[in-house]
Structures are given as C-alpha cells and as structure tokens.
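Descriptive analysis of the structure
Each chain, letter by letter, is given below.
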Amino acid sequence: MVKVTGQTIFLKNAWQYALAGLLFYATGWLAMMIAPPPAYISSIWPPAGIGLAAVLLWGYRVIPFIFLANILLYLKVFDLASVLDSPQKLMALCSVASCGVLRVWLATILIKRFAQFPYTLIAIRKIALFFTLTGGVAAFIPTALTVFALHISGVIVTQDIYYAFIKAWIADCTGVIVFVPLFFIIFDRQQRIWEERIITLGLPLVICFLATIALALFFQQQATQYLQFQGVFLPGFVSIVLLILTGRHEWIKIQVEQRTEQLVKKNHKLSKRDKQFKKLLQTQSVIIWRADPVSYRFLYVNEEAESILGYPVTQWRDESDFWWQRLHDDDKDRVQAFCAEEQAAGNVDLEYRMISAEGTIVWFRDSHTKVIKDGVVSELYGLMLDITKQKLAEEEFRVAAITFESQQGILITDRLGKIIRVNKAFTEITGFLPREVIGKDPKILKSGRHDKSFYKHFWQELADVGKFEGEVWNRRKNGEIYPEWQIVTAVENNREVTHYVSVFSDITHKKEAEDKIHNLAFYDALTGLPNRRLLLDRFEQEIAIARRHKQFGAVIFLDLDHFKLLNDSQGHLVGDELLIQVANRLSSVLREEDTPARLGGDEFVVLLHANSENLIEVSDHARTVAEKIRKQLNTPFLLHHYQHQISTSIGITLFPEGDERPDMILQQADTAMYRSKSGGRNAISFFQPFMQEAADQRLKIEQDLRMAIEKEGFMLFYQPQVDHTGVMIGAEVLIRWDHPEQGIVSPADFILVAEESSLILDIGLWVLKNTCQQIRTWLAMGITVPRLSFNVSSRQFRQREFVDQIKNAISETQIPPHLLGIELTESVMIIDIADTVAKMKALKSLGVSIAVDDFGTGYSSLAYLKSLPLDVLKIDRSFVGDILLDSNDAIIIETIISMARHLRLRVVAEGVETEEQFELLKKLGCLLFQGYYFSRPLPSVNFAQKYLRSAKSE
C-alpha cells in the first residue's frame with residue numbers, strides 16, 4: 001500500500017496550482033493592458049476572482065503560486081532594475097503581492113464562517129451574501145493597503161489616493177463577481193450545476209469581458225477616458241443577473257426532482273402496503289363489499305362472503321334486503337339507530353351479528369366508508385371482518401378472569417398437592433401472600449379441629465366422585481381459626497388427576513351479614529329500637545293473646561314537638577343524637593314486656609303488654625306511663641355541648657275493642673296524637689271516634705292545599721298600618737285561600753296543616769315573590785308604595801337559603817329593598833340565636849325591615865331584644881282586645897311601649913277595633929296602629945283605590 005502524504009498530494013495536484021498561478025498572471029496582464037500607467041489600476045481585476053475560486057476549489061496550497069503571480073504582475077508597475085536598487089520599492093512590491101494573498105485568504109475565511117460555504121450559488125440571499133463578503137468586505141482592507149503601498153513607493157500621488165482606492169476596490173469586487181463563477185464553470189466537476197451553466201452563464205460572461213477589453217483598447221487608442229467606473233458595471237451586472245436566473249431555474253429543477261423522488265418513494269410504499277393488504281386479506285376472513293348508499297343493496301361482494309356465511313354471492317347481490325334480513329334481531333334496533341344518526345363522511349366501525357346459512361351466529365366488525373358529494377351520499381363501501389373467534393375468546397377470558405378474581409378464595413394445587421396458584425380473595429381471607437404459600441402443602445392452613453376420620457372422608461369423596469363440599473375450619477396467618485365453606489374439585493386429563501381446585505368462602509362473614517340483615521329488617525339503624533315491621537309482628541301477637549285471654553293493652557303514639565326546627569337549624573347530626581337519647585329515655589321507663597319502637601322521623605310508639613281485664617285499669621296505667629315519658633322528655637338534653645329542651649305530643653288508644661287490625665289501631669293513636677298537637681302540644685290525648693273525622697278533614701285540607709299550590713289558588717290582602725293621625729305609613733300582607741268550594745278561606749283554617757306538612761315552604765315562597773311583584777306593578781303605575789311586610793313561618797326562616805330567596809326576589813323584580821319587611825314571632829327568633837342574628841343582619845344590610853309579631857305572647861326577653869337587629873314590635877291583639885276591661889293589659893302595653901322607646905324600636909298595636917281602644921292606646925304613648933277600626937284586609941285593587949292613590953296625590 002502506498003502511503004499518502006501531504007507531499008504526495010502536492011505533487012499530484014501541482015499542475016492545478018501552476019494553472020491557477022498562470023491564469024492569475026495572464027488575466028492580470030490582460031487587465032493591465034487596458035489600465036493607465038503608472039499604477040495600472042484596471043476597472044476590472046480578474047485575478048481577485050480567479051485567486052479566490054482556486055483556493056475555494058483546490059485549497060490553500062494555491063496561495064504561494066498566487067503570491068508569485070502577483071509579484072510578476074506588479075513588476076510592470078515597479079521596474080525590475082529600480083526594485084533591485086531600492087529596498088523601499090522591493091518592500092512595496094512584496095506588500096502589494098501580500099495584499100492580493102490577504103484578500104483571497106480573508107474572503108475564504110469570511111464565507112466559510114458567516115455564509116457556511118461550500119454551496120452552489122442558487123438562492124438570491126446566498127448569492128448576495130457570497131459576493132458581499134468576498135468582494136465588498138474582504139477586498140476593502142487589502143485594497144486600502146495596496147493603494148497605501150503604491151503611494152509610499154511614489155507610484156500614486158497624494159491627490160489621486162481616494163480615486164485610486166475606489167477604482168481598485170470596485171475592480172476587485174467586479175473581478176470576484178465575474179471570474180469566480182467562470183472558474184467554477186470551467187474547473188468544478190463535482191457540482192453538476194456549473195457544468196450546466198457553461199452556455200447560460202459562462203459564455204455570456206466571457207463575451208462581456210472580451211467586449212469590455214476590446215472597447216477599452218479601442219477607446220485607449222482614441223485617447224478617450226472610458227471605463228473609469230462605468231465600464232465595470234456591464235460584466236458585473238450580467239454575472240449577477242445570470243447567476244440569479246440560472247440559480248432560480250436550478251432551484252425549480254431541484255424542487256421538481258425532490259418532489260419526484262418523494263412521489264416515487266410514496267408510490268413504492270403504497271405498492272408495498274397494497275401487497276401487504278392483499279396478503280392480509282388472504283389470511284383473514286374478510287368480506288369486501290360495495291353497496292347502494294340509499295337502499296343498502298349489495299352491488300359487489302368478494303368470494304369470501306360465501307365461505308364465511310354460506311350464502312352464494314349472487315344471493316347477496318340479488319336480494320334487495322339481504323343484509324337486513326340476516327342481521328341478528330337483537331342488533332337491529334342498535335344498527336338502525338346508528339345508521340340514522342351517522343351522517344358524516346369518513347370511516348366508521350360498527351360491530352354486529354349476522355345469521356349464517358346454517359343458523360349459526362357470526363360476529364362482524366364492519367369498517368365502512370361514506371363518500372358525500374354536495375350533501376348527498378354518493379358511495380358506500382367497506383370491509384366486514386369475521387371476529388367471531390375473537391368475541392368468543394374475549395367472553396371466555398372475561399368469564400375466567402371474573403371467576404378467578406371473585407369474592408371466593410381459590411387455591412390450585414398440582415397432582416401431588418403442592419400449591420401452584422392462589423387468587424386475591426385467598427390472600428384477603430387467609431392473610432397469606434402468594435409467595436408465602438406457592439410450592440407448599442395446603443396443610444399450612446390446618447386448624448387442628450378435624451380428626452383423621454374427617455380427612456379420610458375428604459380424600460374418599462375426591463377419589464369416588466371427584467368432588468368434596470362441606471364446612472372446613474382453617475387457620476389464618478395471624479393464628480385466628482375461622483369456618484369456611486369449601487368445594488374441592490379434582491381436575492382430570494385422560495382419567496388422570498392433574499390438579500385440585502379449591503373454592504372457598506369465609507362463612508364467618510356470612511353469619512355476620514345474616515345477623516346484620518336481621519337487624520336492618522327488624523330494628524331501627526339509628527336508635528336500635530324495633531322498627532315498624534317488628535312492631536306490627538309483635539302487635540299481632542299481642543292482639544291474639546289479648547283476645548284469647550280477654551285482656552286489654554294500650555298503644556302510646558308520641559311525636560317530638562318542633563323537632564324539624566332543631567334538625568334544620570342545628571343539623572342532622574344533632575337531630576340524630578337527640579333521637580338516640582329519646583330512645584334511651586323511652587326504654588328506661590318501660591317494663592321488659594313492653595315494646596318501644598321508632599316508626600321513622602321523630603315518631604315513636606310504645607306497645608303496652610295486655611295483662612289486665614279491666615279497661616279502666618289499663619287506661620290509668622297507659623296515662624301513667626305516658627306521663628312518665630313526657631316528664632323524661634321534658635328534661636333538657638345535652639347535645640354536643642348544646643342544651644336543648646323539647647316537648648312531646650302523645651296519643652293513646654286501647655285494644656282490642658273490636659276487630660281492628662294493628663295498622664288501624666296505630667292510626668287511631670296517631671289521630672289522638674294530632675289532637676294533642678292541635679291543643680297546644682306537650683299534651684296527652686286518648687282516642688275518641690270524633691277524632692277520626694278531624695283527621696280525615698285535616699288530610700282533605702292537605703290535599704286541597706297541594707292542588708292550590710299547583711294552580712296558585714291564593715290571594716294577597718293588604719291591611720293598612722296608620723299613625724296617630726290616621727295617615728297610612730305601611731301595610732301588612734295577609735294570604736287568603738281562594739277555595740273552589742268554600743270561597744275565601746282564612747289562614748287560621750289552613751296554616752297549621754301547611755306547617756305540619758311542609759307545604760308552608762312553598763306557600764311562604766309564593767307570598768314573598770307575589771308581594772315583590774305587586775310592589776313592582778304599583779311602582780310601574782307611578783303609585784307611591786308604602787312598606788309592605790309579610791309573615792314568615794319558623795320553618796321558612798330556618799331554611800339555609802332563606803336570605804338568598806329574599807335577595808333573588810328583590811333582584812328579579814328590581815324593587816327598592818326598603819319597601820319590603822318581614823314579621824317573625826318570638827318563638828321563631830329564640831331558636832338558635834346565632835343563626836337568627838346572622839340572618840337578620842344580612843336582611844338589614846339589604847334594607848329589609850324586621851318586626852316581632854304577637855309580642856308579649858311568647859318568650860319575651862330583654863336579652864334577645866337587645867341582641868337582635870329589630871325595627872318594630874307589634875303588640876299582640878290579645879292585650880289590645882281587653883285593654884278597656886283589664887287594667888293589667890294596659891300596664892303591660894305601657895311597659896312594652898316604654899321599653900321599645902328606650903331600645904329605639906317602633907311599636908304597632910294590632911287588633912284595634914274601637915275608637916275607645918284607639919284613644920287609650922294614644923294616651924299610653926302608642927304611635928302606630930293596625931286593626932278593623934281603620935280597615936279590614938283588602939284585595940290589591942281595593943287597597944290601591946282607597947289608600948295608594950291618595951298617597952300618590954299627597
């Protein structure tokens with residue numbers, strides 16, 4: 001092998017270096033022919049381009065030849081004899097030659113560093129950058145140094161320095177622009193584009209250059225100054241233009257070639273994929289089809305259709321409804337709905353079943369494509385892939401997976417009894433991890449409770465019938481012994497046992513679940529008392545025993561008063577705690593043979609054992625027990641550091657007094673309980689026949705109220721509130737029920753039923769919205785509206801969203817908030833003072849006024865009056881009605897007025913019906929009044945006519 005060295009390479013390429021030097025010298029000599037002495041600065045300097053192109057193409061080894069050629073050229077400027085005689089001129093000669101080398105070296109460095117050369121001059125940006133760096137930038141300093149050296153040597157006089165520099169710099173730039181492309185065209189054989197530019201670029205540049213030389217010689221002979229500057233622009237301009245044009249042509253050609261190459265590659269890929277697809281179709285059960293997009297009739301199916309479903313291909317095409325008739329009945333609705341909804345173009349997958357010619361079910365995944373043109377489906381085609389085996393495998397796998405990971409423990413051993421697999425439930429039941437038992441004998445679970453005869457029977461069953469089923473006691477990892485129900489099956493292959501599979505469940509949990517189900521079925525989950533089901537069961541036994549022995553028993557039905565208020569205000573946790581304590585207190589006062597039960601909510605029942613033949617004796621005993629219960633429940637309860645006192649309404653009925661069933665007897669006790677509620681609560685009532693009529697009437701009212709709420713069968717009446725001069729300053733809004741049969745019904749006849757049945761919430765919201773709407777209507781009519789206040793029930797006020805309801809009503813109707821007021825009773829406000837204060841402050845911030853209604857009849861207290869943000873106290877009508885007859889009432893009223901004045905509260909006396917009452921109340925200091933003496937409640941039209949118009953005029 002010949003070792004290649006730098007010297008070898010130099011010798012091999014020496015002719016190139018010599019040729020570069022020769023061309024450098026020849027073109028320079030030619031340029032000097034047209035240059036004026038003594039500096040011989042030509043308008044175009046070809047060596048600048050030839051030297052740069054030679055270095056770029058053949059490397060830096062060309063530089064010595066360029067330096068030598070430069071020396072020889074400038075001997076024409078510096079006479080050889082004078083150079084040898086003058087060291088100064090010798091130095092100037094060497095400097096000028098070195099500047100030529102510096103120009104080439106600097107241009108090479110710049111384009112490689114900043115223009116990322118090498119590349120072909122095709123793009124306009126790269127052409128501009130190339131010539132800017134190699135010509136304008138790289139030639140600037142070397143040209144300046146050359147002119148300076150010629151000046152020092154006396155070749156260029158001082159007044160010509162600037163002119164000489166500009167001319168020389170432009171000559172270098174032009175030489176680069178013209179001769180670099182020419183050099184590449186002639187000598188660069190690696191880039192095809194330069195060879196293709198011989199005619200389009202090389203020939204025009206040569207002609208332009210020669211024409212420029214010829215013209216220069218001609219005008220030189222004519223002693224005419226030509227091409228001082230202007231002559232250089234023709235070849236330079238032609239070079240750049242032709243470079244851009246040929247570059248653009250080449251760029252387009254390259255793009256076309258690249259695109260063609262891409263298309264060839266894509267076609268190759270498509271061809272390859274097509275072959276793969278065809279090969280795939282040959283290995284898969286696939287039906288290729290095309291159908292009419294309107295009728296869905298098959299226009300084409302491949303031969304595979306017959307082999308999969310068994311129907312001839314001609315039958316597929318000839319029958320218009322072939323596909324629909326063979327579609328599985330269970331899939332037709334789903335497929336029809338899918339076809340009706342799916343309207344967009346594109347590929348869609350749908351799975352369904354078809355019935356084969358043999359009657360078997362075949363699953364298909366139908367991947368079809370719709371082609372839509374102008375909003376109409378023009379083509380419909382696709383592939384039907386037989387996925388029956390896949391579906392069966394999925395189903396089997398799913399069943400096997402679900403079975404193995406079931407709630408039952410599974411243990412699998414080999415034929416020698418070594419554990420090879422367990423499931424998750426096994427670990428949950430026994431506590432052993434799989435790695436702790438695999439490879440071991442199931443004896444690690446042995447509890448020691450079974451003797452040898454048990455295991456003998458165990459293996460005998462497996463040998464005889466291949467299965468054992470029974471209760472087995474085993475031991476968990478923590479040592480706990482537990483019972484399990486176990487089924488062990490011997491798995492055989494060719495009548496030889498290969499595995500044993502044990503499936504077992506922990507029946508300890510099962511027994512606990514049975515006990516829990518029993519408790520849930522017969523006992524209340526919260527209090528632990530018997531529920532309705534167990535109560536009725538025991539009740540039937542008690543009635544049977546009582547009738548057989550001719551004895552009597554009693555049922556006590558009790559309901560906690562105002563329990564819902566506690567539940568709403570304090571939350572369900574506090575309410576539940578109260579129910580638990582009530583159940584405990586209830587059990588503490590009863591005999592062992594009596595049955596306490598919780599029916600639900602706050603309703604409890606006590607079944608007193610029938611053990612007396614005397615009805616009066618049973619009645620007395622029932623009352624005694626009821627009194628004990630009431631006394632126990634009246635004692636304050638401590639609920640989460642909160643002391644609460646309740647009362648209870650109790651109803652009692654005796655049994656058996658006829659053929660009543662247990663549910664009828666309970667209904668009687670319930671009716672008696674409601675009589676206690678209507679009588680003021682915290683009372684005890686025995687059932688009487690007339691009570692049933694009242695209960696029926698109450699149920700009728702509740703049903704009618706629900707209908708009235710649905711149809712908005714209510715009306716609002718307005719009763720004015722006046723000052724001591726009789727001028728109206730506000731009004732109270734009162735609801736009336738427009739009953740379809742009874743006419744206008746007072747709230748006294750239905751409010752209690754509404755409160756007990758929760759209908760009061762809907763009624764209260766209706767009053768709020770319609771009051772605000774009425775204010776809006778009057779304001780829109782230009783009527784001056786006074787403040788309208790309406791009554792708010794306890795349950796309505798205790799709603800968490802009550803303040804939001806007020807805000808929403810005001811916001812929806814856009815009324816001034818100060819025109820709205822609410823009235824609350826004392827009993828409402830003292831329940832959960834913190835919640836009351838918070839809600840009142842929120843309402844006050846809106847501008848809504850707050851009044852205490854029926855003041856003096858409840859739990860009047862200066863403490864809460866001082867803490868609550870109130871505006872008005874309304875003295876109850878019971879005091880006003882007897883003010884002329886009972887001096888105590890007058891004293892109470894005067895005290896209330898004095899107290900309110902000090903608390904800066906307004907006082908309204910309700911129920912003023914006579915002039916004498918009016919005059920006395922004024923003497924006592926009362927300033928605001930309401931009652932029949934001034935006006936009865938009026939409908940909105942009458943109220944507006946009588947009061948609001950006069951108020952507007954004022």
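Numbers given to residues run from 1 along each chain, matching the order in which its sequence is written. Restriction of local features to residues with pLDDT of at least 70 applies here, the model being predicted, together with a cutoff of 80 or more for giving and counting side-chain atom pairs; totals for whole chains, interfaces and linings are based on all residues. By convention in this description, side-chain values take in all heavy atoms of the structure and omit both hydrogens and water.

In terms of helices and strands, the protein carries 37 helices and 27 strands. Remark: exposure states derive from per-residue accessible area (1.4 Å probe, protein chains only) relative to the maximum for the residue type, with buried under 20%, exposed over 50%, and partly exposed in between. The buried share of the protein, taken over its 954 residues, is 45%. By the convention used here, residues are in contact when the closest approach between their heavy atoms is within 4.5 Å. Restricting the contact set of the protein to residue pairs at least 6 apart, pairs at least 24 apart contribute 61%. A run of H or I in DSSP counts as a helix once it spans at least four residues, and a run of E counts as a strand once it spans at least two, with each numbered from the N terminus.

In this section: the nonpolar core. In terms of nonpolar packing, the biggest core is built from 78 residues, with Leu705 and Leu870 touching the most fellow members. For this core, the element with the most residues is helix H28 (residues 760–780), which contributes 8 residues. Here Leu870 is in contact with Met829, Met840, Ile850, Val852, Leu865 and Leu905, once residues within four sequence places are set aside. Here the nonpolar core consists of buried residues drawn from Ala, Val, Leu, Ile, Met, Phe, Trp, Tyr and Cys, with membership extended through side-chain atoms lying within 4.5 Å. One finds Met32, Ala48, Leu56 and Phe78 within the second-largest nonpolar core, a separate group that totals 68 residues.

Further remarks concern the side chain of Asp561. Structurally, the position occupied by Asp561 is in the loop between strand E11 (552–560) and helix H22 (563–570). Polar contacts involving the side chain of Asp561 include one to the side chain of Lys677, which spans 2.9 Å. Setting aside its immediate chain neighbours within four residues, Asp561 contacts Ser647, Thr648, Ser649, Lys677, Arg681 and Asn682. Polar contact is defined as a pair of N or O atoms within 3.5 Å, subject to the rule that within protein one atom must be able to donate a hydrogen and the other to accept it, and that residues adjacent in sequence are counted only when both atoms are side-chain atoms.

Next up on the list: a positive patch on the surface. Each patch is built from salt-bridge-free residues with over 30% relative accessible area, joining like charges within 9 Å and nonpolar side chains (Val, Leu, Ile, Met, Phe, Trp, Tyr) within 5 Å. Only the protein chains shown count as covering a residue, and every accessible area follows the Shrake-Rupley method with a 1.4 Å probe. Salt bridges are defined as contacts in which a side-chain nitrogen from Lys or Arg sits within 4 Å of a carboxyl oxygen from Asp or Glu. Within this scheme the basic residues Lys and Arg register as positive and the acidic residues Asp and Glu register as negative, but His and the chain ends are omitted. Just so you know, the charge point we use is NZ for Lys, CZ for Arg, CG for Asp and CD for Glu. Together, Arg259, Lys266, Lys269 and Arg273 line one region of the surface with positive charge. Looking at the secondary structure, you find Arg259 in helix H11 (residues 233–283). What makes Arg259 partly exposed here is its relative accessible area of 42%.

Glancing now at the packing of aromatic side chains. Planes of paired rings set the category: under 30 degrees apart is stacked, over 60 is edge-to-face and the rest tilted, where pairs are Phe, Tyr or Trp rings (Trp by its six-membered ring) whose centres lie within 6.5 Å. On inspection of all chains with the given rule, the structure shows 32 aromatic pairs. Relative to Phe934, the ring of Phe918 has its centre 5.2 Å away and its plane inclined at 90°; by these criteria the two rings are edge-to-face. Note that Phe918 is positioned in helix H36 (residues 915–923) and Phe934 in the loop between strand E26 (928–929) and strand E27 (938–939), a separation of 16 residues in sequence. Accessibility expressed as a relative area gives 16% for Phe934, which makes it buried. The structure contains a cluster of three or more aromatic residues connected by ring pairs, namely Phe454, Tyr455, Phe458, Trp459, Phe468 and Tyr500. Over the ring of Tyr482 we find Arg476, and its NZ or CZ is 4.1 Å from the ring centre. Comment: the charge-over-ring label is applied if NZ (Lys) or CZ (Arg) is within 6 Å of the ring centre and within 35 degrees of the ring normal.

Any two strands are treated as partners once DSSP identifies two or more bridges connecting them. Pairing is mixed in the open sheet, where 5 strands are placed in the order E12-E13-E11-E16-E17. A single partner strand is all that each edge strand has here, and the edge strands are strand E12 (595–600) and strand E17 (684–686). Each neighbouring strand pair of the sheet contributes to a mean axis angle of 20°, computed without reference to strand direction. Note: E11 against strand E16 (residues 648–655), 8 bridges, orientation antiparallel. Looking at the pairing, Asp559 lines up with Ser649 of E16. Where helix H25 (residues 662–678) meets the sheet, its contacts fall on E11, strand E13 (603–612), E16 and E17, and the angle it forms with E16 comes to roughly 145°. Every axis corresponds to a line fitted to the C-alpha atoms, with the helix fit spanning only the stretch in contact, and the corresponding angles, defined between N-to-C directions, vary from 0 to 180 degrees.

Bringing the packing of helix H23 (residues 572–588) against helix H24 (residues 615–634) into the picture now. Relative to each other, H23 and H24 sit at 145°, their axes nearing to 10 Å. As H23 runs across H24, the sense of the crossing is right-handed. Residue-level inspection shows Val582, Arg585, Leu586 and Ser588 of H23 in contact with H24, the latter providing Ile629, Gln632 and Leu633. Helix crossings fall into two classes, left-handed where the near helix is turned counterclockwise from the far one by less than a right angle and right-handed where it is turned clockwise.

Attention now moves to the pairing of strand E1 (residues 286–291). Both E1 and strand E5 (residues 376–386) contribute to a ladder of 6 bridges, which runs antiparallel. Bridged to Arg290 within E5 is Tyr381. Summarising the sheet, E1 and strand E2 (residues 298–301) pair through 3 bridges and their orientation is antiparallel. Note that in E2 the partner of Ala291 across the bridge is Phe298. In sequence, E1 turns back onto E2 through a hairpin of 6 residues, with Tyr296 there showing a positive phi of about 60°.

The subject of this paragraph is the sheet that holds strand E7 (residues 419–422). The sheet built from 5 strands is open, its strands ordered E7-E6-E10-E9-E8 with antiparallel pairing. A single partner strand is all that each edge strand has here, and the edge strands are E7 and strand E8 (467–475). Adjacent strand axes in the sheet meet at a mean angle of 25° when their direction is disregarded. As paired elements, strand E6 (residues 409–414) and strand E10 (residues 496–506) share 6 bridges and run antiparallel to each other. Note that in E10 the partner of Gly409 across the bridge is Phe504. Helix H19 (residues 452–465) contacts E8, strand E9 (481–493) and E10 of the sheet and is inclined by roughly 150° relative to E8.

What follows is about the pattern of salt bridges. What the rule picks out here adds up to 26 salt bridges. A salt bridge links Arg103 to Asp172; the shortest N-O distance between them is 3.3 Å. Highlighted residues: Arg103 in helix H6 (residues 87–114) and Asp172 in helix H9 (residues 161–187), separated in sequence by 69 residues. A single burial state applies to Arg103 and to Asp172, both of which are buried. In this structure, Lys477 engages Glu436 in a salt bridge whose closest nitrogen and oxygen atoms are separated by 2.8 Å. With Lys477 in the loop between E8 and E9 and Glu436 in helix H18 (residues 434–437), this residue pair connects regions lying 41 residues apart in the sequence. What makes Glu436 partly exposed here is its relative accessible area of 22%. In the salt-bridge network here, residues are joined through shared partners; they are Asp559, Asp561, Lys677 and Arg681.

A few words on H36. Listed in full, the buried residues belonging to H36 are Gln917, Phe918 and Leu921. The buried side chains of H36 occupy one side of the element, clustering within an arc of 100° when seen end-on. On the buried face of H36, the contacting elements are helix H34 (877–881), helix H35 (887–902), strand E25 (906–909) and E26. Positive backbone phi, approximately 105°, marks Gly925, located one or two places after H36. Along the arc lie the directions from the helix axis toward the C-beta atoms.

What follows covers the pairing of E7. Strand direction decides the pairing type here: E6 and E7, joined by 3 bridges, are antiparallel. If you follow Ile412 over to E7, its bridge partner there is Arg421. Between the end of E6 and the start of E7, which pair antiparallel, lie 4 residues, with Gly417 showing a positive phi angle near 90°.

Moving on: H28. Here the expected span of a helix is defined as 1.5 Å times the quantity of residues minus one. Helix length check: H28, at 21 residues, gives a terminal C-alpha distance of 30 Å against a target of 30 Å (1.5 Å per residue), a fit within 8%. Residues of H28 that are buried: Ile760, Ile763, Gly764, Trp766, Val767, Leu768, Thr771, Cys772, Gln774, Ile775 and Trp778. Of the residues one or two after H28, Gly782 is the one with positive phi, at around 80°.

We now examine the confidence of the model for the protein. For every residue, the predictor reports its confidence as pLDDT, a number between 0 and 100. For the protein, the average pLDDT comes to 81, and 86% of its residues sit at 70 or higher. When the criterion is pLDDT under 50, residues 225–231 qualifies, and its contacts beyond four places in sequence or with other chains add up to 15 contacts. Long-range and interchain partners of residues 950–954, a stretch whose pLDDT sits below 50, account for 4 contacts in this model, where long-range means more than four residues apart.

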